[in-house]
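# Topology and contacts: notes
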Amino acid sequence: MKKARVAILISGTGSNMVALIEAARAPACPFEIVCVLSNKPEAPGLDRARAVGVEAITVDQRPFGKDRAAHELAIQAELTARNIEWVALAGYMRLLTPGFVDPWQGRMLNIHPSLLPKYPGLDTHRRALEAGDAEAGCTVHHVVAEMDAGPIIAQVRVPILDDDTPESVAARVLEAEHRLYPSSLVRAIAKSV
């Protein structure tokens, strides 16, 4: 079976990255993780990727200043050099321009810690608690130029308990993310064939 070649983009610790790498080890998994790329050379996820034998690359955003398009061209060059077919954003904390997103339409996924379309952006768990929501959750969606607005692939709901804090909700949602992201990537790849 030919496996889809996937790159994971991260900015931080990469816990969802680890979940995707672990899922890819299963013989029946339809994807392989070819590389992990970060915009931050100090991202702890880079060392985590290297520790399990996955190529880890940095395309530091700082030398590019405010020129997001030039930074993204450098990222695209790395992806092209490795014949990447799919991109999984896993805590990549940088908005991408349409010039980068559009060519990946239908082949770039993101995981977001809310039940989209509720609470795009940051501070999702605090916002859910302040709104008095009975549940939180996570969403895997296709990436489009507008932040957290792409077509939804799958969601998992997590109950909000009476004594919850943003941190306790985040911990439960993160566990759900680790299960949801690999299965959603499998689903998206299968649907594209």
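In what follows, the structure referred to is the one given above.
Residues numbered from 1 in each chain as written. Predicted model: local features only at pLDDT ≥ 70, side-chain atom pairs only at ≥ 80, totals over all residues. Heavy atoms only, no water.

### As for helix α2 (residues 44–51)
- Of all the positions in α2, only Gly 45, Leu 46 and Ala 49 are classed as buried. For α2, the angular spread of the buried residues around the axis is 105 degrees, confining them to a single face. Set apart from the buried face of α2 by more than 90 degrees, the exposed residues are Asp 47 and Ala 51.
- At its buried positions, α2 is contacted by β1 (4–10), α1 (15–24), β2 (31–38) and β3 (55–58).
- One or two positions beyond α2, positive phi appears at Gly 53, with a value near 85 degrees. (Buried < 20%, exposed > 50% of the residue type's maximum accessible area, 1.4 Å probe, protein only. Helix = DSSP H or I, 4+ residues; strand = E, 2+ residues; numbered from the N terminus. Arc of directions from axis to C-beta. Contact = heavy atoms within 4.5 Å.)

### A closer look at unusual backbone geometry
- Cis geometry is adopted by the peptide bond preceding Pro 117, which originates at Leu 116 and carries an omega value of 15 degrees.
- Here Pro 117 is to be found in the loop between β5 (108–112) and α5 (124–130).
- Notably, Asn 83 is not glycine yet its phi reads approximately 55 degrees, a positive angle.
- In this model, Tyr 119 sits at a positive phi of 55 degrees, which is unusual for a non-glycine residue.
- Mapped onto the elements, Tyr 119 comes out in the loop between β5 and α5.

### Structural notes on the side chain of His 142
- Mapping His 142 onto the fold places it in strand β6 (residues 135–142).
- Under the relative-accessibility criterion, His 142 is labelled buried at 18%.
- Filtering out sequence-adjacent residues up to four positions away, His 142 remains in contact with Gly 106, Met 108, Leu 109, Gly 150, Pro 151, Ile 153 and Ala 188.

### Observations regarding the pattern of salt bridges
- As enumerated under the stated definition, the model contains 12 salt bridges in all.
- Note that Arg 172 is salt-bridged to Asp 164, the shortest N-O span being 2.5 Å.
- By relative accessible area, Arg 172 is classed as partly exposed at 24%.
- One network of salt bridges, in which partners are shared, links Glu 42, Asp 60 and Arg 62. (Salt bridge = Lys/Arg side-chain N within 4 Å of Asp/Glu carboxyl O.)

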